[in-house]
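These are the residues of each chain, in order.
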Amino acid sequence: MTLPRRGSTPTTSTEGPHRQVDQLAPPELWGRLVAAVFALPEVVEGHSQVSPASSRAVFLTDREVESSPERSLAPGKRLEPVHLHGVDDTSVHLVLPEARGRELVDVGWAEPHGYADFGTEFMVYGPRDEDELATVVGFVSESLAFARG
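Here is a short report on the structure shown in this document. (Residues numbered from 1 in each chain as written. Predicted model: local features only at pLDDT ≥ 70, side-chain atom pairs only at ≥ 80, totals over all residues. Heavy atoms only, no water.)

### Topic: the pairing of strand β2 (residues 56-60)
For β2, the tally of buried residues reaches four of five residues, placing the bulk of the element in the interior. Across five bridges, the pairing between strand β1 (residues 43-47) and β2 is antiparallel. In the sheet register, H47 faces β2, and the bridge partner there is R56. In terms of strand pairing, β2 meets strand β3 (residues 82-84) through three bridges, oriented antiparallel. Of the residues in β3, the one forming a bridge with V58 is V82. (Buried < 20%, exposed > 50% of the residue type's maximum accessible area, 1.4 Å probe, protein only. Helix = DSSP H or I, 4+ residues; strand = E, 2+ residues; numbered from the N terminus. Pairing = 2+ DSSP bridges.)

Here it is in structure tokens:
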């Protein structure tokens, strides 16, 4: 069970691209988020196929093709289960099993992606402190496992 996120829900954009507009991760913490994600096993950084240029795609080194379209943010392209938005946003878009994603929404960590096609796409809010950093990296790990099938 995931503990609720403290505080109010961040404001997010109502128009594309779907982004977080307040309660951002401090720049130093955002940099540590990026470093922690790309230190996970069997991942590599790339350019997102569906997100603004400031975003960093998380690709898998052991799998390039999706097993099903709901396991990628870029269905029909290289498997992209996660992308990290830039320092002016700090949110993370990722795919999770629908029930797990709804759980994160219910406890205040995430919201459904504004342009979801499958109900598996979510925005996780940027971490504001050390504890939240570890939690968000954990959600990214869950997404990578889901993408692998």
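### Structural notes on the pattern of salt bridges
Scanning all chains against the criterion turns up eleven salt bridges. A salt bridge links D129 to R6; its shortest N-O distance comes to 2.6 Å. Within this pair, whereas D129 is found in the loop between β6 (121-124) and α3 (130-148), its partner R6 is found in the segment before α1 (27-38), the two being separated by 123 residues in sequence. The exposure class of R6 is partly exposed, given its relative accessible area of 49%. The network of salt bridges with common partners includes R6, R128, D129 and E132. (Salt bridge = Lys/Arg side-chain N within 4 Å of Asp/Glu carboxyl O.)

### Re the sheet that holds β3
Each strand in a sheet pairs with another by means of backbone hydrogen bonds, the pair being arranged parallel or else antiparallel. The strand order β1-β2-β3-β4-β6-β5 describes an open sheet built from six strands, whose pairing is antiparallel. The open sheet has two edge strands with one neighbour each: β1 and β5 (110-112). The mean angle between the axes of side-by-side strands here comes to 25°, regardless of whether they run parallel or antiparallel. Most of the contacts of α3 go to strand β4 (residues 92-95), to which it runs at about 35°, and overall it touches β1, β2, β3, β4 and β6. (Axes fitted to C-alpha atoms, helices over the stretch in contact; angles between N-to-C directions. Contact = heavy atoms within 4.5 Å.)

### A word on the environment of D129
We classify D129 as partly exposed; its relative accessible area is 22%. For the pair D129 and P26, spaced 103 residues apart in sequence, the C-alpha to C-alpha distance is 8.4 Å. Look past the residues within four positions of D129 in its chain and what remains in contact with it is R6 and L29. One polar contact links D129 to R6, side chain to side chain, over a distance of 2.6 Å. (Polar contact = N/O pair within 3.5 Å; in protein donor to acceptor, adjacent residues only side chain to side chain.)

### Re the environment of R128
Counting through the fold element by element, R128 comes out in the loop between β6 and α3. In this view, R128 contacts R5, R6, Q23, P26 and L29; residues no more than four positions away in its chain are not counted. A distance of 2.5 Å separates the side chain of R128 from the side chain of E132, its partner in a polar contact.

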